[in-house]
Amino acid sequence: MSETGGPDVTNELRLPWDDDPEDLYEHAPCGYLTTLPDGTVVRVNETFLTWTGYSRADLVGHRRFRDLLTPGDQIYHETHYAPLLAMQNEVHEIALEVVGAGGRRLPVLVNAVLERDAGGAPRIIRTMVFNATERRRYERELLKERRAAEASEKRVQVLQQIVADLAAAPTEAEVAEAVVRAPEPAFGAASTSIYLVDAERDQLIAVASTDPTTGNWDDMPRSSERAVAEVARRGDLHVIGSRLDADRHFPDLATTMRSSGRHTVVLLPLTTGPAEEQGGVTVLGVLAFSFTAERVLDDGELRVIRLLGQQAGQALDRARLYDDLRRREERATFLAETNRALDEEHRLMERTRRLLGRVVPEIADWATVRLHVGPAGLVQELGGPAPDQDLLAGRIAEATRAVAPVFATDGDGLGCTVLPITARGHVLGTLSLRMPERRVAEADRIFLGELADRAGLAIENARLYEQERVVARTLQRSLLAADVPSGDPRFTVETHYQAAAQDLEVGGDWYDAFLITPNKLAVVVGDVVGRGLEAASTMGQLRSAIRALASAENGPARLLEGLDRFCQRVESARMATVVYAEIDLVAGEMAYACAGHLPPLLHAPAGAAEFLTQGRSGALGSRAGDRRRTEQRIRLRPGSRLLLYTDGLVERRDRPIDRGFEVLNRAFSRLRGAPMKGLTAGLADTMVGRDHRDDVCLLAITLGTEERLERMLGADPLQIALLRSDLREWMSAHEVDQDCVNAVLLGCSEAVANAIEHGYRDDPFGVVEVSATITDETVEIRVADRGSWRGNAFVRGRGLMLIEESMDEVLFDRGDGTTVTMRRYRGDMS
């Protein structure tokens, strides 16, 4: 017996751990599946088989879990479920649909666990499946109720939107447009019209309608007997429920209703003031809307309609106040837009032009700015005709002396207002303007005073910007290497740095070149992340670190490893990019490495230019990817040209980087025969011009002594000096005696000058080809052009006399253009 007196059944109960585990598995309240890593079912419980109608033989060893899903869920299994399981080793509450043996779809929620062996390889997948049929049904019911609620709220949302539109409408016209759109979506009206009260003329003005053809839509006096005027006088809502109702009260409206096919009309006064006090209500307009069938409006709808009339009336009242404030707001908007326009330009001249462009013709028909900058000052003028200059000069002097505006007055003979432009207590200049209204009202005086204050601040900032820009550029260049080695006949280094045209801050692009040993040259170009003084400081530290780490034994790869360690101490150097190369001037071999930097461009004496894409690794201090540093070694033939550069040379927002590499390759190849002097500056000008958004840094080097010097010069006399520099270094490298060098330089210069002057006098795009060869006995120079010489210009003149005096042999050939071949004997051979 139990304590309550009933039979004791505890002995008949079985505890959970006494149940057969197999029976618990088979008849669990959820489905169980065990699958191989590829999804093949190897075990399934009776619950899942009962739900789906499959037999155990249908599934075990024959079907994968994904095969039991709908086509859409199979795709989801492949793209989301399986990858997520492989990555996390488990997934939870994944909603899927299982297709049963009879084709019936069973909504389920799936949990799965991926078990791995000791080596981490997938072993089996255990999947638990819950029947979600009731849950789906409940979700569908919730969705149905939600849609019903949304439909019931639609009308309220429409009215709320109308109220919001009224709150945002600043003018009577915009309020009318917002109100006239309300009845159709809110109440299903067929058409709507709105009339506004013009109190000065005592009229109702028809201002807007969704369909003006449906009624007698025109202006009317407020004393009219028409229904709209009656409602405007009474100030209360009137609903004409039928045409018979209209016949009894408003015959003219009944006629209109019949002609337009309307059966019910609502006339709503737009009022402002306390609704509970009839005498305090002011009617500002009438809203009329109609229906194509007789419409009975319930009390709730009538309350909403009256509320619409009150909201619209209040909006119209606000619009009247806005008209009084509109001019003041327009002035404020003008000042704000002027501020933005001036902020878009940093230069002083451009800011004064922007200021005048804002003033004329917006508030004046003529204006001028005069600033006390520079020895001659700065004067900008816009509009016209200009006033009497003597009277204007006197008024400018008065305003400057008093440091106060001098406003135009009626009959003053000038009609111009002069505003002193001041900043920090100093008069920078004046703004003079002539406004259409010669007499300046008090509100306009305040506005013009604020305009002058803002102009003064903008102009002073522009003046300071000009000063700081010069300082910044000077600082940029001072931080770059100034001691690039020169005078060594085994190589020539040419560098160029160009700051971003629109940026005041110091950039992080830099270059360096130095001799590690007397026979090993190091060249480097880098780019530090960011801008400003911190970037410049980091640039200087990196350059110093490279010089300290460079040695005859280290090589580029070990040097970059040292820089990685350097980044651990100097965080601002992290993610900087560097291309570093060491050139053995005796063996003619180069070892290089790129740490996240763009590849060098090499042009050998023969063949096409090519990018060196080996020896690459991540940026300095990079924590991701392969951190090992590699280097590449290549042979360099005498006469090879190598270009190192930063990303500003090739990267553009409107083109792929590969396209930038193609453009650079072509431009560098075209300059293969150009003199080394000025090569990098010319290449930068070709690639980016002067109005560019990023810093540009280039370092070019010519290696060894060319056996044959070949140059192509444009038809520009300035190119001659560059050719002379190249030619002198080339002959010095070949140990030509000084007398011979001087004579060849003179003869070659005169020959090129003649080709430019006579051959290309009418062709500024002509090209002069110069080649030079050296033997043990002679130096031979060949100057050729494709121009059209007039008469016998090539055989007379002082230039020919100088050529013949300086050279031992001179030959002329007038075939396709003109070719001059000159020889000078070396040393005692002459």
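Residues numbered from 1 in each chain as written. Predicted model: local features only at pLDDT ≥ 70, side-chain atom pairs only at ≥ 80, totals over all residues. Heavy atoms only, no water.

### Remarks on the overall build of the protein chain
Thinking step 1. Looking only at helices and strands, the protein chain features 21 helices and 31 strands.
Thinking step 2. Classification of the 830 residues of the protein chain by burial places 45% in the buried group.
Thinking step 3. Put simply, of all contacts in the protein chain between residues at least 6 apart along the chain, 60% involve residues at least 24 apart.
Thinking step 4. Approximately 42,400 Å² of the protein chain is accessible, and the part contributed by carbon and sulfur atoms is 50%. (Helix = DSSP H or I, 4+ residues; strand = E, 2+ residues; numbered from the N terminus. Buried < 20%, exposed > 50% of the residue type's maximum accessible area, 1.4 Å probe, protein only. Contact = heavy atoms within 4.5 Å. Areas by Shrake-Rupley, 256 points an atom, 1.4 Å probe, with all protein chains shown as cover.)

### Quick word on the pattern of salt bridges
Thinking step 1. Under the definition given, this model contains 36 salt bridges.
Thinking step 2. A cluster of three or more residues bridged by salt bridges with shared partners is formed by Glu26, Glu46 and Arg56. (Salt bridge = Lys/Arg side-chain N within 4 Å of Asp/Glu carboxyl O.)

### Considerations on the side chain of Arg434
Thinking step 1. With respect to the element layout, Arg434 can be found in strand 15 (residues 426-434).
Thinking step 2. Only 2.9 Å separates the side chain of Arg434 from the side chain of Asp365, close enough to count as a polar contact.
Thinking step 3. The residues touching Arg434, leaving out its near neighbours within four places in the chain, are Ala364, Asp365, Trp366, Gly384, Pro385, Ala386, Pro387, Gly415 and Cys416. (Polar contact = N/O pair within 3.5 Å; in protein donor to acceptor, adjacent residues only side chain to side chain.)

### Looking at the pairing of strand 31 (residues 818-825)
Thinking step 1. Burial within strand 31 is extensive, with 6 of its 8 residues counted as buried.
Thinking step 2. Relative to strand 31, strand 29 (residues 778-785) runs antiparallel, the two being bridged by 8 bridges. Looking at strand 31, one finds that Val779 is bridged to Arg824.
Thinking step 3. Relative to strand 31, strand 30 (residues 809-813) is paired through 5 bridges, and the arrangement is antiparallel. By the bridge assignment for strand 31, Asp813 is matched with Thr819.
Thinking step 4. Adjacent in sequence and paired antiparallel, strand 30 and strand 31 are bridged by 4 residues, among which Gly817 carries a positive phi angle near 95°. (Pairing = 2+ DSSP bridges.)

### Observations regarding the packing of aromatic side chains
Thinking step 1. Counted under the stated rule, the structure contains 6 aromatic pairs.
Thinking step 2. Each ring, one from Phe334 and one from Phe447, has its centre 5.7 Å from the other, and the planes form 65°; the classification is edge-to-face. With Phe334 in helix 11 (residues 299-343) and Phe447 in helix 14 (residues 442-478), this pair connects stretches of sequence that are 113 residues apart.
Thinking step 3. Centre to centre, the rings of Phe611 and Phe661 are 5.1 Å apart; their planes meet at 55°, and the pair counts as tilted. One end of the pair, Phe611, is in strand 22 (residues 610-611); the other, Phe661, is in helix 17 (residues 657-670), with 50 residues separating them in the sequence. We note that Phe611, like Phe661, is buried.
Thinking step 4. Within the aromatic cluster, the residues linked to one another by ring pairs are Phe187, Phe289 and Phe291.
Thinking step 5. Over the face of the ring belonging to Tyr25 we find Arg43, whose NZ or CZ atom lies 4.2 Å from the ring centre. (Phe/Tyr/Trp six-rings, centres within 6.5 Å; stacked < 30°, edge-to-face > 60°. Lys NZ or Arg CZ within 6 Å of the ring centre and 35° of its normal.)

### Remarks on the sheet that holds strand 15
Thinking step 1. Here we have 4 strands laid out as an open sheet, ordered 13-12-15-14, and antiparallel in their pairing. Looking along the sheet, the strands with just one partner apiece sit at the ends: strand 13 (378-383) and strand 14 (417-423). For this sheet the average axis-to-axis angle between neighbouring strands, irrespective of direction, equals 15°. (Axes fitted to C-alpha atoms, helices over the stretch in contact; angles between N-to-C directions.)

### Overview of the packing of helix 19 (residues 718-733) against helix 20 (residues 738-759)
Thinking step 1. Packing of helix 19 against helix 20 brings their axes to within 10 Å, and their N-to-C directions diverge by 150°. In terms of orientation, helix 19 lies roughly antiparallel with respect to helix 20. The way helix 19 lies across helix 20 gives a crossing that is right-handed. Here Ile720, Leu723, Arg724, Leu727, Arg728 and Met731 of helix 19 come into contact with helix 20, specifically with Val741, Val744, Leu745, Leu746, Cys748, Ser749, Val752, Ala753 and Ile756.
Thinking step 2. Residue classes in the contact of helix 19 with helix 20 are distributed as 12 nonpolar, 1 polar and 2 charged. (Parallel < 35°, antiparallel > 145°, perpendicular 65-115°, else oblique. Left-handed = near helix turned anticlockwise from the far one by under 90°. Nonpolar A, V, L, I, M, F, W, Y, C, P; charged D, E, K, R; others polar.)

### Things to note about the nonpolar core
Thinking step 1. Membership of the largest hydrophobic core comes to 33 residues, with the highest contact counts inside it found for Leu166, Val175, Ile194, Leu287, Phe289 and Ile305.
Thinking step 2. Listing elements by their share of this core, those giving two or more residues are helix 5 (133-168), helix 6 (172-180), helix 7 (183-187), strand 6 (191-198), strand 10 (264-272), strand 11 (282-291) and helix 11.
Thinking step 3. If one sorts the elements of this core by residue count, helix 11 sits on top with 7 residues.
Thinking step 4. Once residues within four sequence positions are removed from consideration, Ile305 is found in contact with Phe187, Leu237, Val266, Leu268, Phe289 and Leu297.
Thinking step 5. The next biggest cluster of nonpolar side chains, apart from the first, holds 31 residues, and it includes Ala367, Val369, Ile421 and Met435. (Core = buried A, V, L, I, M, F, W, Y, C linked by side-chain atoms within 4.5 Å.)

### Structural notes on the environment of Ser290
Thinking step 1. For Ser290, the location among the structural elements is in strand 11.
Thinking step 2. Considered as a pair, Ser290 and Ser193 are 97 residues apart in the sequence and their alpha carbons are 9.2 Å apart.
Thinking step 3. Once you skip the residues sitting within four places of it in the chain, Ser290 turns out to touch Ala189, Ala190, Ser191, Arg262, Thr264 and Val265.
Thinking step 4. One polar contact links Ser290 to Arg262, side chain to side chain, over a distance of 3.0 Å.

### Overview of the pairing of strand 6
Thinking step 1. Across the 8 residues of strand 6, 7 count as buried, placing the element largely inside the fold.
Thinking step 2. Bridging between strand 6 and strand 11 involves 6 bridges; their strand directions are antiparallel. Across the sheet, residue Ser193 finds its bridge partner in strand 11, namely Ala288.
Thinking step 3. Pairing between strand 6 and strand 7 (residues 203-209): 6 bridges, direction antiparallel. Of the residues in strand 7, the one forming a bridge with Val197 is Leu204.

### Thoughts on the environment of Leu549
Thinking step 1. Summarising the element assignment, Leu549 is placed in helix 15 (residues 533-549).
Thinking step 2. Those residues in contact with Leu549, other than ones at most four positions away along the chain, are Asn554, Leu559, Gly562 and Leu563.

### So, the packing of helix 17 against helix 18 (residues 679-688)
Thinking step 1. Running from N to C, helix 17 and helix 18 cross one another at 140°; their axes reach a closest spacing of 11 Å. Here helix 17 is positioned oblique relative to helix 18, judged by the angle of their axes. Handedness of the crossing formed by helix 17 with helix 18: right-handed. For the pair helix 17 and helix 18, contact is made by Gly660, Val663, Leu664, Ala667 and Phe668 and by Leu679, Leu683, Thr686 and Met687, respectively.

### A closer look at the sheet that holds strand 31
Thinking step 1. Taking strand neighbours across the sheet as the criterion, the 5 strands line up as 27-28-29-31-30 in an open arrangement whose pairing is antiparallel. The sheet terminates laterally at strand 27 (708-714) and strand 30, the two strands that pair on one side only. Pairs of neighbouring strands in the sheet enclose a mean axial angle of 15°, with direction left out of account.
Thinking step 2. Along the sheet, helix 19 contacts strand 27, strand 28 (767-774) and strand 29; its crossing angle with strand 27, the most-contacted strand, is approximately 175°.
Thinking step 3. Against the sheet, helix 20 contacts strand 27, strand 28, strand 29 and strand 31, and its axis sits at roughly 10° relative to strand 29.

### Considering helix 12 (residues 348-359)
Thinking step 1. Compared with the 16 Å implied by 1.5 Å per residue over 12 residues, the 17 Å span of helix 12 between its first and last C-alpha is a close match.
Thinking step 2. Listed as buried for helix 12 are Leu348, Arg351, Thr352, Leu355, Leu356, Arg358 and Val359. For helix 12, the arc enclosing every buried residue in end-on projection is 160°, short of the 170-degree limit, so these residues lie on one face. (Expected span 1.5 Å × (residues − 1). Arc of directions from axis to C-beta.)

### A word on the environment of Asp527
Thinking step 1. Its location among the elements puts Asp527 in strand 18 (residues 520-527).
Thinking step 2. Overall, the relative accessible area of 14% leaves Asp527 in the buried class.
Thinking step 3. Once you skip the residues sitting within four places of it in the chain, Asp527 turns out to touch Gly508, Asp509, Trp510, Ala576, Thr577, His597, Thr646 and Asp647.

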